[in-house]
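Listed below are the residues making up each chain.
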Amino acid sequence: MKRLGFLLLLLVSFIKIQGQNEKMNLFINDLMNKMTVEEKIGQLNLTTAGGFVTGSAVNQQTQKKLQAGQIGGMLNGFSVASMRAYQDIAIKESPNHIPILFGMDVIHGYRTIFPIPLAMSCMWDLSLTEKSARIAAQEATANGIAWTYSPMVDIARDPRWGRIAEGAGEDPWLGSQIAAAYVKGYQGNDLSLNNTMMACVKHFALYGAAEAGRDYNTVDMSRLTMYNEYLPPYKAAIEAGAGSAMTSFNIIDGIPATGNHWLLTELLRNQWGFKGFVVTDYTATNEMINHGMGDLQAVSTLALKAGTDMDMVGEGFLTTLKKSLEEGKVTRKDIDLACRRVLEAKYKLGLFDDPYRYMNEERAKTDIMTPEDIKTARAIAERSIVLLKNDKLILPLKKSGTVAVIGPLAGNKGDMLGTWAMGGDQSNVSSIVDGLKKMGGIAVNVLYAKGSEFTDNPQLAKSINAFAGPGQKQLTEPVVSPGQLLKEALKTADKADVIVAVLGEPSAWSGEASSLSDIGLQSVQQNLLKALLKTGKPVVLVLINGRPMTLGWENENVSAILEAWAGGTEAGNAVANVLYGNYNPSGKLTTTFPLNVGQIPIYYNHKNTGRPYDPKNKFTSKYLDIPNDPVYPFGYGMSYSNFDYSDIRLSKTQLQGDEKLTASITLTNSGKFAGEEVVQLYIQDPVASISRPVKELKNFKKVLLQPGEKKEVSIDISTKDLMFYNTDLKYDWEAGDFIIYMGTNSRDVKAARVNWTK
Ligand code: BGC
């Protein structure tokens, strides 16, 4: 009966969607019948909104193009007034009055800025991830934006790559869950509502595998690695309904993604059934000239034929497609198809009903940075923080005595926002000094000293302001000598009971075009840390950064280390709450922290070699000078409490076909604090037709336990969790033994074996 009801519901919604699609098709057919080919090509052109333009101060060229119907979308409009001015021209003066689609990189919040995505992934909390995207959509759509260039779901195993900050880390399974959560948060259930926006999954595809971690660099990988390890998060975003996808800058099998027919048509559309539109990354069409694909006309043809629909900023489509049509290099059908997909997106967003539906000055006043949003931002920032070390139980700090907060990031606001926080405003940010004062109460005396600059490397210092807006530039040359800064810091430290050293990276050292060859603390900062440790006082190292860093020395020498990332608007309050124990840290790393750069790429779900590491045998897979192990493995993160794991209990050890397996452990909070633990479940398929990873994350459960409390944590496993792409790229599972692991991180696990037959 229940099943019948469900089927009926499915049928009704199917019929409804069919009806809506039919209506949309009729509308678009009718519109396209009126459009000239120039106008159709115009819909494929995405241009910039020119920054802070307000009112009628519209650039002449833009104005002319809008009037002629030569612009389909615009990115980075910052005010409702400016976007309204552009929309007015399109609606009132262009031949067919087609509304403009306004997009922006709303990556981790719009005005209320959440932690960078890499940090948020450390929450292992899908509903809070979705909520962050919901709030971002609520705010951005009030201010004119209907389309966001997020989620960024590129798997990254190389922390030299600055864009590791923008994704969810190294794991395909977790990355897939997170990708879907973002899409649901942005798009909701109805794209046409005035507070939902269209997601754009990026960067399709494999962008995170740039050789040597250098941005925009070559990618070269086997189909097996693609299908099993890099493609799943994009697929998950598409399955969650992402309305658009952005091509990546890299080549795949020798052909740039933007011109890659296999990628954009055979895989994305034919195999995965994607129905949305594809936009290039910024000038990615034009960049195919440098990749050796021909002149602008040739690369634009290549892009359109491959399945690209919209051309970001480079105007290759706008300036060459007509000629290519006349010369028979592209067909009317090719142009029509791309144009239709762009118009469909506008239709689904409700722009044809009301082109101004996302431009509501009243809503912009009430729906942005609400107290509720800020509360959520703080909760998310607290949960993104990972406690890496806490020897001698220095943490949590007492709420009395004197705390010296020292370091270039201690009093800093702008860098808390992290990369891609265009809508953020640093005047809303709490610095760590602010937070420690506010959350500590009157019995804590908080002192501050800068202590050092970020770096003494002049080339690197210059990049600090790479993305700084007007009035946000930081000094890149010291006004106070390094010696003087250190002296002041030591004087401040001398008065304190405990020192909080806030070190790491300014936000411009991660994100786009921000690769680093050295991912350790800069020597000026490490020297400051050494001097602080020498005082003999307890030192807590708080790291603000956008990538895993090499922390071998720090892990050896500092008793307490907190990975706080760039935590967004509420960074300072969140860090303070964790330091004081108002929130017991629960974050777990989603990328491996290497010992040094020579280990990269390093990731937990690697394959075994034929000669696995054996300390007694020289001829095994290892380095002569360092161990193979990272400093902190994937999934790692401590709590102020202790969680004890029992052995694994399996509901069965012999299974067949569709049977379900349940794996359970008893988790005990043997510490003094209430806290959350992320119980992780990994599976290994030790014998298969292809060499399989040593373990793969397949599920997790986040559980809250009071001190002394015990809970049984059970996770169901089905054959879906055993599936992988084999050499024929067929997705299936293979009968045999499987090892089930449960534990607190990817290294420290309990194990049990099952046998599963077909
Ligand atoms: C980045 C994209 C971004 C686009 C638009 C590009 O440079 O690679 O991630 O969405 O710019 O701002």
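Residues numbered from 1 in each chain as written. Predicted model: local features only at pLDDT ≥ 70, side-chain atom pairs only at ≥ 80, totals over all residues. Heavy atoms only, no water.

1. Structural notes on the layout of surface pockets
The cut-off we apply is this: The rule is simple: put a 1 Å grid over the protein atoms alone, call a set of points where a 1.4 Å probe fits but cannot get out a cavity, call an open set with protein on both sides within 12 Å along at least five of seven lines a pocket, and count a residue as lining if it has an atom within 4 Å of a point. Grid points are joined across faces, edges and corners, and a volume is the space filled by probe spheres set on the points.
When its volume is computed, the largest pocket comes out at roughly 1,400 Å³. Lining the largest pocket are 39 residues, and of these I17, Q20, N21, L191 and K348 lie nearest its centre.

2. Some points on the side chain of N260
Note the threshold: Per the convention used, a helix needs a DSSP run of H or I reaching at least four residues, while a strand needs a run of E reaching at least two, with both numbered from the N terminus. Counting of polar contacts relies on pairs of N or O atoms within 3.5 Å, with two restrictions inside protein: one atom must be capable of donating a hydrogen and the other of accepting it, and residues adjacent in sequence are counted only when both atoms are side-chain atoms. The contact definition used throughout considers only heavy atoms, calling two residues in contact when any of these lie within 4.5 Å.
With respect to the helices and strands, the residue N260 is situated in the loop between β8 (255–256) and α10 (261–271). A distance of 3.2 Å separates a polar atom in the side chain of N260 from the backbone nitrogen of W262. Setting aside its immediate chain neighbours within four residues, N260 contacts I252, I255 and A306.

3. A few points about the side chain of R363
Structurally, R363 can be placed in helix α15 (residues 361–366). Other than its neighbours up to four places away in sequence, R363 contacts Q138, T141, A142, N194, N195 and I368.

4. Comments concerning the packing of aromatic side chains
Put simply, the rule is: Working definition: rings of Phe, Tyr and Trp (its six-membered ring) pair if their centres are within 6.5 Å, and the pair is stacked with planes under 30 degrees apart, edge-to-face with planes over 60 apart, and tilted otherwise. A simple rule labels every residue: compare its accessible area, found with a 1.4 Å probe on the protein chains alone, to the largest value its type can have, and call it buried under 20%, exposed over 50%, or partly exposed in between.
What the rule picks out here adds up to 23 aromatic pairs. Their ring planes at 85° and their centres at 6.1 Å tell us that W173 and F700 sit as a pair that is edge-to-face. Placement of W173 in helix α7 (residues 172–187) and of F700 in strand β22 (residues 696–705) is noted, with a sequence separation of 527 residues between them. No difference in accessibility class separates W173 from F700, as the two residues are buried.

5. With respect to the packing of helix α19 (residues 482–494) against helix α20 (residues 523–534)
For clarity, the cut-off: The axes used here are C-alpha line fits, helices contributing only the stretch in contact, and every angle between their N-to-C directions lies in the interval 0 to 180 degrees. Should an angle lie under 35 degrees it is considered roughly parallel, over 145 roughly antiparallel, and from 65 to 115 roughly perpendicular; all remaining angles are considered oblique. Left-handed is the label given to a crossing in which the near helix is rotated counterclockwise from the far helix by less than a right angle, and right-handed is the label when the rotation is clockwise. Charged residues are taken to be Asp, Glu, Lys and Arg, nonpolar residues to be Ala, Val, Leu, Ile, Met, Phe, Trp, Tyr, Cys and Pro, and polar residues to be all remaining types, Gly included.
Contact geometry for α19 and α20: axes closest at 10 Å, N-to-C directions at 30°. The orientation of α19 relative to α20 falls into the category roughly parallel. Where α19 crosses over α20, the handedness of that crossing is right-handed. The residues of α20 that touch α19, namely those facing L486, A489, L490 and A493, are L528, A531 and L532. Taken together, the residues of the contact of α19 with α20 sort by class into 7 nonpolar, no polar and no charged.

6. Quick word on the domain arrangement of the protein chain
Here is the rule we go by: Domain limits in this description derive from either an automatic procedure or a database domain assignment. Buried area: the sum, over both parts, of the accessible surface (1.4 Å probe) that disappears when the two are put together. A pairing counts as a salt bridge when a side-chain nitrogen of Lys or Arg comes within 4 Å of a carboxyl oxygen of Asp or Glu.
Taken as a whole, the protein chain is organised into domain 1 (368–590) and domain 2 (643–757). Look at where the C-alpha atoms of domain 1 and domain 2 centre, and you get two points 36 Å apart. With 6 residues of domain 1 in contact, the opposing surface of domain 2 contributes 9 residues. Both faces combined, the contact of domain 1 with domain 2 buries some 580 Å², and carbon together with sulfur accounts for 46% of it. When the buried surface of domain 1 facing domain 2 is broken down by residue, N584, S586 and K588 rank first, second and third, together holding 73% of it. There are 1 salt bridge connecting domain 1 and domain 2. Between K588 and E677 there is a salt bridge whose closest N-O contact spans 3.1 Å. The class makeup of the residues in the side of domain 1 that touches domain 2 is 2 nonpolar, 2 polar and 2 charged.

7. A few points about the sheet that holds strand β16 (residues 560–563)
Which entries qualify depends on this criterion: Following DSSP output, two strands are said to pair if at least two bridges run between them.
Read from one edge of the open sheet, 6 strands run β11-β16-β15-β14-β12-β13, paired in mixed fashion. Strands at the two margins of the open sheet, each flanked by one partner only, are β11 (386–390) and β13 (444–449). If you compare each strand with its neighbour and ignore which way they point, the axes differ by 20° on average. In this sheet, strand β15 (residues 539–544) lies alongside strand β14 (residues 498–504) in parallel orientation, the contact comprising 6 bridges. In the sheet register, V500 faces β15, and the bridge partner there is V540. Along the sheet, helix α17 (residues 432–440) contacts β12 (401–406), β13, β14 and β15; its crossing angle with β13, the most-contacted strand, is approximately 175°.

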